[in-house]
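Summary of the model geometry
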Amino acid sequence: AMGGNHTQPKFILLGITDTPWAQAPLFGLFLLIYIITLAGNVGLMVLVWVAPSLHTPMYFFLAHFSLADICYSTVISPKMLTDLLFGNKTISWAGCVTQFHLFALFVTAECYLLAAMAYDRHVAICHPLLYVTVVSPRACWQLVACSYLVASLSALVFTSCTFGGSFCGPRRVDHFFCDVSPVLRLACSDTRRGEAAIFALATANGLGTSGVILLSYGRILHAVLGMRSAPSRARAFHTCASHLVSVSVFYGTLFFMYLQPASRHGSWDKVASVFYAVVSPMLNPFIYSLRNKEVKAALGKCRRRMLKHW
């Protein structure tokens, strides 16, 4: 219940900084990052779609991962950019709820997709003979569907726990998007049970998926170190290293943000949020694909095909 007044209140996003001279350079920087994010992720999806050589489970998951990247950076960046440009920082109640809900959904889906990708690599490297049967097209669709199912249910819990109470006083969200802790800080009802539920679910999702990832890469590392030929060892090692860098940045900043009590949150939150909400979706297509021989080969083929048609 919203208390006595049933007019839906507006929230005010305080943004990344209130320093006037910093707004324009930040707008330029974040616009560039957002354009690169869209170009990189859409480009990767199109490439996976048109290149027959990339019709494998690994790239199937990568394409879905890119789609999630596009979605959750689009939930946050355009609003942040207009706020920086026009200084209009209000967001409606419905807008705030929707933004947070979609953000929670896509970030949780990414955690599960990363786990699916790690499992895929584990089967490919440790059990190559079983690969075709274990990671079948049907299994791939099931893994993606499950990722989104769990993410949808999680997002419902996160959203209802965050916005379920009553809000009074100045609704100034000290952040550049509607996120859990800055919104909960504005609630005037008791938020302890909601916070406990959010913490428990975020922990289960985070530790569950990162556990699968660490276990998979641990097994991969063990298998790679046992390989006879140095080139194949180096190649497998190379792929895994770049994946683990991306995973570490993503999970490191997520854990920093969501696996600490509300009272501990401070000025570093926005910096951490910029990493997983803005920078990570831009880097992912480059980390996962451009260091890849298959993607480079597919890109070369597409370029040659296009030049022929010109």
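Residues numbered from 1 in each chain as written. Predicted model: local features only at pLDDT ≥ 70, side-chain atom pairs only at ≥ 80, totals over all residues. Heavy atoms only, no water.

The protein has the name Olfactory receptor in an unreviewed UniProt entry, where Pteruthius melanotis is given as its organism. In its Function (unreviewed entry) section, the UniProt entry covering the protein states "Odorant receptor." Recorded under Sequence similarities (unreviewed entry), the UniProt text for the protein is reproduced unchanged: "Belongs to the G-protein coupled receptor 1 family." (UniProt positions renumbered as here; feature names shortened; annotations may be inferred.)

Moving on, we come to the overall build of the protein. Check the secondary structure of the protein and you find ten helices and three strands. Its C-alpha atoms give the protein a radius of gyration of 21 Å, within 12% of the compact-globule value 19 Å for 310 residues. Overall, the C-alpha framework of the protein stretches about 70 × 45 × 30 Å when taken along its three principal axes. In the protein, which comprises 310 residues, the share counted as buried stands at 48%. For the protein, the proportion of contacts with a sequence separation of at least 24, taken over those separated by at least 6, is 78%. Of the roughly 15600 Å² of accessible surface on the protein, a fraction of 71% belongs to carbon and sulfur atoms. When the 24 basic and 11 acidic side-chain charges of the protein are each reduced to a single mean position, those positions are 13 Å apart. (Helix = DSSP H or I, 4+ residues; strand = E, 2+ residues; numbered from the N terminus. Rg over C-alpha atoms; globule rule 2.2 N^0.38 Å. Buried < 20%, exposed > 50% of the residue type's maximum accessible area, 1.4 Å probe, protein only. Contact = heavy atoms within 4.5 Å. Areas by Shrake-Rupley, 256 points an atom, 1.4 Å probe, with all protein chains shown as cover. Lys, Arg positive; Asp, Glu negative; His and termini not counted. Charge placed at Lys NZ, Arg CZ, Asp CG, Glu CD.)

With that out of the way, let us pick up the state of the cysteines. Enumeration over the complete set of coordinates arrives at one disulfide. Note on cysteine connectivity: Cys96 is disulfide-linked to Cys178, with sulfurs 1.9 Å apart. The S-S bond linking Cys96 to Cys178 shows a torsion near -110°; that makes this disulfide left-handed. Of the two residues, Cys96 is situated in helix H3 (residues 93-126) and Cys178 in the loop between strand E3 (172-173) and helix H6 (180-184); the sequence distance between them amounts to 82 residues. Neither Cys96 nor Cys178 differs from the other in exposure class; each is buried. Cysteine Cys140 remains unbridged, with the sulfur of Cys146 as its closest cysteine sulfur at 12 Å. Using a relative accessible area of 3% as the deciding quantity, one classes Cys140 as buried. We note that Cys161 lacks a disulfide partner, and the nearest cysteine sulfur, in Cys96, lies 16 Å from it. (Disulfide = S-S within 2.5 Å.)

What follows is about the side chain of Thr162. Along the chain, the position of Thr162 falls in helix H5 (residues 137-163). Among the residues examined, Thr162 registers a relative accessible area of 1% and is labelled buried. A polar atom in the side chain of Thr162 sits 2.7 Å from the backbone oxygen of Phe158. Sequence-distant contacts of Thr162, defined by excluding residues within four places in its chain, comprise Phe100, Phe167, Val180, Val183, Leu184 and Ile198. (Polar contact = N/O pair within 3.5 Å; in protein donor to acceptor, adjacent residues only side chain to side chain.)

Attention now moves to the sheet that holds strand E2 (residues 90-92). Read across the sheet, three strands follow the order E2-E1-E3 without closing on themselves; strand pairing throughout is mixed. Lying at the two open borders of the sheet, with one neighbouring strand each, are E2 and E3. Pairing analysis gives three bridges linking strand E1 (residues 10-13) to E2, with the strands arranged antiparallel. Its bridge partner lying in E2, Lys10 is registered against Ser92. (Pairing = 2+ DSSP bridges.)

In this structure, Lys89 sits in the loop between helix H2 (57-86) and E2. When the C-alpha positions of Lys89 and Phe176 are compared, they lie 8.9 Å apart, and in sequence the two are 87 residues distant. Excluding residues that lie within four positions of it along the chain, Lys89 makes contacts with Phe11, Ile12, Leu13, Leu14, Thr17, Gln23, Lys79 and Asp83. A distance of 3.5 Å separates a polar side-chain atom of Lys89 from the backbone oxygen of Leu14.

Okay, the packing of aromatic side chains next. Under the definition given, this model contains 16 aromatic pairs. Pairing Phe60 with Phe61 gives two aromatic rings, centres 5.8 Å apart and planes at 65°, and the pair type is edge-to-face. Here Phe60 and Phe61 have matching classes, each one buried. Aromatic side chains Phe163 and Phe167 sit 6.4 Å apart centroid to centroid with 45° between the ring planes, which places their arrangement in the tilted category. Like Phe163, the residue Phe167 is buried in the burial classification. Feature note: the residues Phe11, Trp93, Phe100, Phe163 and Phe167 constitute an aromatic cluster, connected by ring pairs. (Phe/Tyr/Trp six-rings, centres within 6.5 Å; stacked < 30°, edge-to-face > 60°.)

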